[in-house]
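Each chain is listed here by its residues.
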Amino acid sequence: MKIEEFSFNEEQLEAINTTDGNLLIVASAGTGKTTTIVERYINLILNHSVDPKSVMITTFTNKAAKDMLKKINQKTNKLPKYIGTMHSLFLKILRDNSDLVNLNPHFTLLTEENDKKRIIKEILNKKGVEPTNKNVLYFIKRIGMFKNRGINHEDLDEEISLDDKNFEQEELGEGEFAFINPKIKNLRNYVYKKYQERLKETNMLDFDDILLYTHILFEKNEKLRKEYKERLKFIMVDEAQDINLVQRRILELLQNENLCLIGDDCQNIYAWRGTSNEFIFTFDNRHKKVVLKNNYRSSKKIIDNVNNIISSMSFKIDKSLNCTRGEGESIKIKEFYNFNEEKLFLINDIKFLLRNGNNEEDIVILFRTNNIGKQIERGFRKSKIPCHLSRAKNF
């Protein structure tokens, strides 16, 4: 099979046919990113005799992995052994080698937020601290930040002292802020340690532990690290702008100078969870880069506005998207100081639309997280705006 036989654009072909050395593929939404990843894999397997077991493709969601597998399977039955989210891929590796990090291989995963809250509340009650919702959310976020930065609780002192005695506003989740007492902040190491002790007692790991212990596993065990470095000759990372520090460190431990990052530096939307597009920027300065410029999804007016926003950004990889579709309808871009201001705008704007004869079922709001959807729904119900919250499943 010759890759050139298919109707790919010049940049896609360059990315697909680059099979030696590290590679950065800068791919905005709608530029044929998934197709490029799939065809690069097929090119490696069918034209360069690469063993499917030596390729690892990481995705941001399980749905994305299933979509890629389906597309690969349409062209070859030589499917990759390692494809999925980093959490799902590393979970199996962690179970298989749990003894090397002093874990029971039959550990269970703590996936429910309410279970985390219950443990934190118990720790705070024993410490004589009021387990208010904002305090509990603060510690859950801080523990997640520790783990996403690769910080093990065993490496921290239990007591810390902050010089700053002022109450500071902390982001507890996307669009959710609260002022936290410095005395509460001083307890973050203590709570983290007690939280981990509780998980250990009950043979449990939370979602962030998968990456934390995988990093410890490969960092502390040279033999195992070499085994996987020799096994995984090619690594492709989708949505690379949204990986956190501990994920980056794992990749740096495993890569074989055949690491391919795919992502868009302008789409880092999970910074509040500890992710960063810094890896893309440092990669850009040292390795080959291909920018997918043709957008096949959006109208020209949308792409023109996207290009204007990109050009106004201070820190970015230079790019200008080309539109392959029609002019499209005009769009409006609104900027808000905070989420409450945005929510108020939505309420007032929808009331205006309804007063002017628009049908309720013709109005749709798209949002990024379930938490945002719940807050919008509460605001609408308070304002007596009828609405239905649609929850996606198995994403």
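Above: the structure in question.
Below you will find a few notes about this structure. (Residues numbered from 1 in each chain as written. Predicted model: local features only at pLDDT ≥ 70, side-chain atom pairs only at ≥ 80, totals over all residues. Heavy atoms only, no water.)

## Here's the deal with the sheet that holds strand E3 (residues 82-85)
Here is the rule: Should DSSP find at least two bridges between two strands, the strands are taken to pair. Only DSSP runs of H or I covering at least 4 residues are called helices, and only runs of E covering at least 2 are called strands; the numbering of each starts at the N terminus. In this analysis an axis means a line fitted to C-alpha atoms, helices contributing only their contacting stretch, and an angle means the value between N-to-C directions, from 0 to 180 degrees. Should any heavy atoms of two residues lie within 4.5 Å, those residues are considered in contact.
Overall, parallel pairing links the six strands, which are arranged E3-E2-E8-E10-E1-E12 in an open sheet. Edge positions in the open sheet fall to E3 and strand E12 (288-292), since each of these has one partner strand only. Averaged over all adjacent pairs, the angle separating strand axes in this sheet is 15°, with direction ignored. Pairing geometry for strand E8 (residues 234-237) and strand E10 (residues 259-263), over three bridges, is parallel. Paired with Val-237 across the bridge in E10 is Leu-261. Together, strand E1 (23-27) and E12 form the strand contacts of helix H1 (residues 10-17), whose direction differs from that of E12 by roughly 145°.

## Structural notes on the side chain of Asn-97
Tracing the sequence through the fold places Asn-97 in the loop between helix H4 (86-96) and strand E4 (108-110). Not counting chain neighbours up to four residues away, the residues in contact with Asn-97 comprise Leu-217, Leu-224 and Tyr-228.

## So, helix H15 (residues 370-382)
The line we're drawing: Helices are assigned an expected span. That span is 1.5 Å times one less than the residue count. Here's how the labels work: a residue is buried when its accessible area is under 20% of the maximum for its type, exposed when over 50%, partly exposed in between, all with a 1.4 Å probe on protein chains only.
With 13 residues, H15 should cover 18 Å at 1.5 Å per step; its first-to-last C-alpha distance of 18 Å lies within 8% of that length. For H15, the full list of buried residues reads Ile-372, Gly-373, Gln-375, Ile-376, Glu-377, Gly-379 and Phe-380. In the core, the buried residues of H15 are packed alongside helix H14 (339-355). Phi turns positive, to about 60°, at Lys-384, one or two residues after H15.

## Quick look at a nonpolar patch on the surface
Filter applied, for reference: Only residues whose relative accessible area exceeds 30% and that form no salt bridge enter a patch; like-charged residues are grouped when within 9 Å of one another, and nonpolar side chains (Val, Leu, Ile, Met, Phe, Trp, Tyr) when within 5 Å. Under the convention used here, a 1.4 Å probe and the Shrake-Rupley method define accessible areas, while residue burial counts only the protein chains that appear. The salt bridge definition used is simple: a Lys or Arg side-chain nitrogen within 4 Å of an Asp or Glu carboxyl oxygen.
A surface patch of nonpolar side chains, amounting to about 320 Å² of accessible area, comprises Ile-302, Ile-309, Ile-331 and Ile-333. With respect to the helices and strands, Ile-309 occurs in helix H13 (residues 300-312).

## Focus on the environment of Lys-134
In this fold, Lys-134 is placed in helix H6 (residues 133-148). Judged by relative accessible area, Lys-134 falls into the partly exposed class, the value being 36%. Separated by 254 residues in sequence, Lys-134 and His-388 have C-alpha atoms that sit 28 Å apart.

## Overview of the layout of surface pockets
To be explicit about the condition: For cavity detection a 1 Å grid was placed over the protein atoms alone, and a set of points counts as a cavity when a 1.4 Å probe fits there but cannot get out; an open set counts as a pocket when protein lies on both sides within 12 Å along at least five of seven lines, with lining residues being those that have an atom within 4 Å of a point. Grid points are joined across faces, edges and corners, and a volume is the space filled by probe spheres set on the points.
Put simply, the second largest pocket is a space of about 420 Å³. Along the wall of the second largest pocket there are 22 residues; nearest its centre are Val-101, Asn-152, His-153, Glu-154 and Tyr-213. Contributing elements (two or more residues each) for the lining of the second largest pocket: helix H8 (188-201), strand E7 (204-206) and helix H9 (207-220). Top contributing element to the lining of the second largest pocket by residue count: H9, with six residues.

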